[in-house]
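Spelled out from the first residue to the last, the chains are:
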Amino acid sequence: MSDEKIYPVPADFAARAHLKAADYEALYARSLADRDGFWAEQAGRFVSWFEPWRTVCEEDLAAGHIRWFAGGKLNVAWNCLDRHLATRGEQTALIWEGDDPAFARHVTYRELHDEVCRLANVLKTRGVKKGDRVCIYMPMIPAAVAAMLACARIGAVHSVVFGGFSPESIKSRILDSDCRVVITADQGLRGGKAIPLKANVDQALEGCPNVHTVLVYRHTGADIAWQDGRDGWYQDLLASASADCPAEPMDAEDPLFILYTSGSTGKPKGVLHTTGGYLTYVALTHKYVFDYHDGDVYWCTADVGWVTGHSYIVYGPLANGATSLVFEGVPTHPTPARFWEVIDKHQVNIFYTAPTAIRALMRAGDGPVLGTSRKSLRLLGSVGEPINPEAWEWYHRVVGEGRCPIVDTWWQTETGGILISPLPGATALKPGSATKPLFGIEPALMDADGNELPGAASGNLVLKRSWPGMMRSVYGDHQRFIDTYLKAYPGYYFTGDGCRRDEDGYYWITGRVDDVINVSGHRLGTAEIESALVLHPAVAEAAVVGYPHEIKGQGIYAFVTLMAGREPTPALRDELLATVRKEIGAIASPDVIQWAPGLPKTRSGKIMRRILRKIAENDLASIGDTTTLADPTVVEELVANRG
Ligand code: WTA
């Protein structure tokens, strides 16, 4: 489009970048023409192997059979720690910035290695073996990173549960993958508020008879309940453990972690990632997308409870020997200048955050930003949802003073790492576009009938071939993996996102085309929230849709039909919100509850979500034809009483 703004690569940025425009073109072409050769070279460059692989890639997407570097032996923790000790043992691996600005700490590679080895030995003495699952429910502190790496070191599979999830959510995740050990902390801190992590775990474990060990990091020092035999203090156990723990050689296709994520139907799925391909992919993308150079201070503001934290706080950066900042707090505490102050305090060069945070801080005005220097910043990043051009421009102009490129990185829990993104030294930017596919990534746009759309077009985004970081399965339910991702367009991986490709081959993600909503960058399934609502005895039926929300990107709009004889009251509304918080967590709490005497249904009884979405969006002109509904007057009633 001719009126589109284009930001060329700044010459000084390109001058020192790892990859420039011509490099991207050449490498991308090669990565498609000689995929196996390309990835074999990268796996050799980014990862240290104990033994070489037999085959680079085995792939049958329709059957859900994906293997990268099978037969190769490595250990992910060894790659993230041990191999750096000789050259950068005293370098800072993690900078921890506490929720309270008075607390910060540096952890060197040697110190992190020591902590990981001791913790790995503690896990072993508690009976954890290769292949066992371990649940991690931690605040954003270095011990959370150590816990992940300790599992990787002995070949245990971690399942990190975000600290904002409720005891019910912890329980269902522990049961689904049969975790027997939980690593947690007494409390977390966020925005000055204590999060009762251990108490949540205690409550969850009432329904988890197989859990025999809970390791508790003493963080705030609060009083907590204790179960002798089961519970042990992290610091005390580590102090008496040996710091010598050999890294278990793992096959490239052994599991590394499970991470639960929401889809359009059913309970959250345990997305399964493996070791060799995943590590190669996240290390490569971390280096090139963030143009990481030795000595840079890199800060990704995500939580380790999400995939962004796994791939771009822990595994990618540490595999590259980077200095990665771990922030416990929130963007607005104690003031909306916190991010910018932390950048100055720790001289951050690369800053990676989410559009929802940018929009919230933009609303606080330029003042809090302009009161800081930010001279150390060289590159900005965005992830989690489409970034609206207005927020992009503010981020670029005010935060980055016009000198820092922005990498708008599109990817998913399932993809393991970034798939579509600018390379900052190579790609001219268009605000709101994730721009171009990375190496080995072959996106395509499909119409509803399964035809691939050429050239400039809009359609459903699929990927035509696998890449090393791709998920391998849904834990315990391989058929669900196939059904969810590989059936809609046989032979291709279906992302669930809609997308437009422009005349320059730039990709513009338009958002989910399924019943997944993205609230402040947190991915939620509308079905999960509906299931939580109908657990309340007063609720007969519930339908949840997303609607545009100025700060959160999407808000949660619930239409609720009550049981006969129940009256809608403010108190009942509060009870429903509490039910959702209990079942899932505060992040899933509806922004709007509209009492609905009836829901629009087809004659066969299917809820017409399209119509509910239009009502929630207040786009009443587009509601369209309602004559096929079982009872068209339902719509008039809902429109008249919008929440
Ligand atoms: C959305 C987060 C537009 C998308 C890494 C995807 C984005 C879902 C972007 C995955 C982006 C993520 N532009 N949309 N740069 N990044 N998304 O699994 O809808 O939490 O399918 O992974 O977030 O969310 P998930």
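In this numbering scheme, every chain counts its residues from 1 along its sequence in written order. The predicted nature of this model means local features are confined to residues of pLDDT at least 70 and side-chain atom pairs, given and counted, to a pLDDT of 80 or more, with totals for whole chains, interfaces and linings taken over all residues. Working from all heavy atoms in the structure, the side-chain values ignore hydrogens and water.

Time to look at the site of the ligand. Taken together, 17 residues surround the ligand, and among them Asp408, Thr409, Thr413, Asp497 and Arg523 come closest. In this structure, an oxygen atom belonging to the ligand sits 2.6 Å away from a side-chain N or O atom of Thr413. Polar contact criterion, stated in full: a pair of N or O atoms within 3.5 Å, where within protein one must be able to donate a hydrogen and the other to accept it, and residues adjacent in sequence count only if both atoms are side-chain atoms. Residue Arg512 places a side-chain N or O atom 2.8 Å away from an oxygen atom belonging to the ligand. Look at the ligand: alone it shows 520 Å² of surface, and the protein chains cover 96% of it. By convention in this text, a residue qualifies as near a molecule or strand provided that one of its non-hydrogen atoms is within 4 Å of it. Only the protein chains shown count as cover for residues, and all accessible areas are computed by the Shrake-Rupley method using a 1.4 Å probe.

The next thing to look at is the pattern of salt bridges. One side-chain nitrogen of Lys or Arg within 4 Å of one carboxyl oxygen of Asp or Glu is enough to make a salt bridge. One pass over the structure, following the stated rule, counts 43 salt bridges. Two residues, Arg230 and Asp202, come together in a salt bridge whose shortest N-O distance is 2.7 Å. Of this pair, Arg230 sits in the loop between strand 11 (213–217) and strand 12 (231–233) while Asp202 is found in helix 8 (residues 197–205), placing the two residues 28 residues apart along the sequence. In terms of burial, Arg230 and Asp202 fall into one category: buried. Salt-bridge contacts for Lys614 lead to Asp619; the nearest nitrogen and oxygen are separated by 3.7 Å. When a residue's accessible area, from a 1.4 Å probe over protein chains only, is under 20% of the maximum for its type it is buried; when over 50% it is exposed; and in between it is partly exposed. Looking at Asp619, the relative accessible area reads 26%, which means it is partly exposed. If you follow the salt bridges from partner to partner, you end up with Arg30, Asp34, Glu41 and Arg45 in one network. Here a helix means four or more residues in a row that DSSP labels H or I, a strand means two or more in a row labelled E, and each is numbered from the N terminus.

Here the focus is the environment of Gln347. Relative to the helices and strands, Gln347 is located in the loop between helix 12 (338–346) and strand 18 (350–353). The spatial distance from the C-alpha of Gln347 to the C-alpha of His18 is 21 Å, given a sequence separation of 329 residues. The contact definition used throughout considers only heavy atoms, calling two residues in contact when any of these lie within 4.5 Å. Apart from residues lying up to four places away in sequence, Gln347 is in contact with Val297, Val342 and Ser376. Side-chain polar atoms of Gln347 contact the backbone oxygen of Asp344, separated by 2.9 Å.

Here we take up the packing of helix 4 (residues 76–88) against helix 6 (residues 142–154). An axis is simply a line fitted to the C-alpha atoms; with a helix, the fit covers only the stretch in contact. Between two such axes, the angle follows the N-to-C directions and lies from 0 to 180 degrees. Direction vectors running N to C along helix 4 and helix 6 enclose 115 degrees, while the axes themselves pass 7 Å from each other. Of the two possible hands of crossing, helix 4 and helix 6 adopt the one that is left-handed. Between helix 4 and helix 6, the contacting residues are Val76, Ala77, Trp78, Cys80, Leu81 and Asp82 on the first element and Leu149, Ala152 and Arg153 on the second. Class assignment of the residues belonging to the contact of helix 4 with helix 6 gives a composition of seven nonpolar, no polar and two charged. Helix crossings are classified by the rotation of the near helix relative to the far one: an anticlockwise turn of less than a right angle makes the crossing left-handed, while a clockwise turn makes it right-handed. Residues are grouped as follows: Ala, Val, Leu, Ile, Met, Phe, Trp, Tyr, Cys and Pro are nonpolar; Asp, Glu, Lys and Arg are charged; every other residue, Gly included, is polar.

With domains assigned, the protein is organised as domain 1 (11–48 + 64–441) and domain 2 (520–641). Each domain's extent was defined by an automatic or database domain assignment. Placing a centre on the C-alpha atoms of domain 1 and another on those of domain 2 gives a separation of 34 Å. In this assembly, 23 residues from domain 1 lie in contact with 19 residues from domain 2. Two parts placed together each lose some accessible area under a 1.4 Å probe, and the buried area is that loss summed for both. Summing both partners gives a buried area of about 1600 Å² for domain 1 against domain 2, and 48% of it is carried by carbon and sulfur. If you look at where domain 1 meets domain 2, you find one salt bridge. Put simply, Glu414 and Arg523 hold a salt bridge, and the shortest N to O gap is 2.7 Å. Counting across the interface, domain 1 meets domain 2 through 12 residue pairs in polar contact (both at pLDDT 80 or more). For the side of domain 1 that touches domain 2, the per-class residue count stands at five nonpolar, 13 polar and five charged.

The subject of this paragraph is the sheet that holds strand 4 (residues 92–97). One open sheet accounts for seven strands, arranged 5-4-17-16-18-19-20; its pairing is mixed. Lying at the two open borders of the sheet, with one neighbouring strand each, are strand 5 (104–108) and strand 20 (406–409). Taking the axes of each pair of neighbouring strands and ignoring which way they run, one obtains an average angle of 20 degrees across the sheet. Judged from the four bridges that link them, strand 19 (residues 379–383) and strand 20 form a sheet pairing that is parallel. Counted as the bridge partner of Leu380 is Ile406 from strand 20. Contacts from helix 6 reach strand 4, strand 5 and strand 17 (323–327) within the one sheet, and its direction differs from that of strand 4 by about 135 degrees. Two strands form a pair only when DSSP identifies at least two bridges running between them.

With five bridges joining them, strand 1 (residues 55–60) and strand 2 (residues 65–70) adopt antiparallel strand pairing. Opposite Glu58, over in strand 2, you have Arg67 as the bridge partner.

All right, on to the nonpolar core then. Nine residue types can take part in a nonpolar core, namely buried Ala, Val, Leu, Ile, Met, Phe, Trp, Tyr and Cys, and a core is a set of them joined through side-chain atoms within 4.5 Å. In this structure, Leu112, Leu149, Phe290, Tyr315, Leu318 and Ile529 are the most contacted members of the largest nonpolar core, which totals 165 residues. With 11 residues, the single largest contributor to this core is helix 6. Built from parts of two domains, this core gets at least three residues from each of domain 1 (11–48 + 64–441) and domain 2 (520–641). Setting aside anything within four residues of it in sequence, one finds Leu112 in contact with Leu81, Ala93, Leu94, Val107, Ala146, Leu149 and Leu318. Counting residues in each nonpolar core, the second largest holds 29 residues, with Trp340, Leu361, Val398 and Cys404 among its members.

The criterion for an aromatic pair is that two Phe, Tyr or Trp rings (for Trp, the six-membered ring) have centres within 6.5 Å, with stacked assigned to planes under 30 degrees apart, edge-to-face to planes over 60 apart and tilted to the rest. This model, assessed by the stated rule, comprises 40 aromatic pairs. Geometrically, the ring pair formed by Tyr7 and Trp392 is tilted, given 5.0 Å between the ring centres and 45 degrees between the ring planes. Residue Tyr7 is located in the segment before helix 1 (11–16), and its partner Trp392 is located in helix 15 (residues 389–399); the two are separated by 385 residues in the primary sequence. Summarising the burial analysis for this pair, Tyr7 and Trp392 share the class buried.

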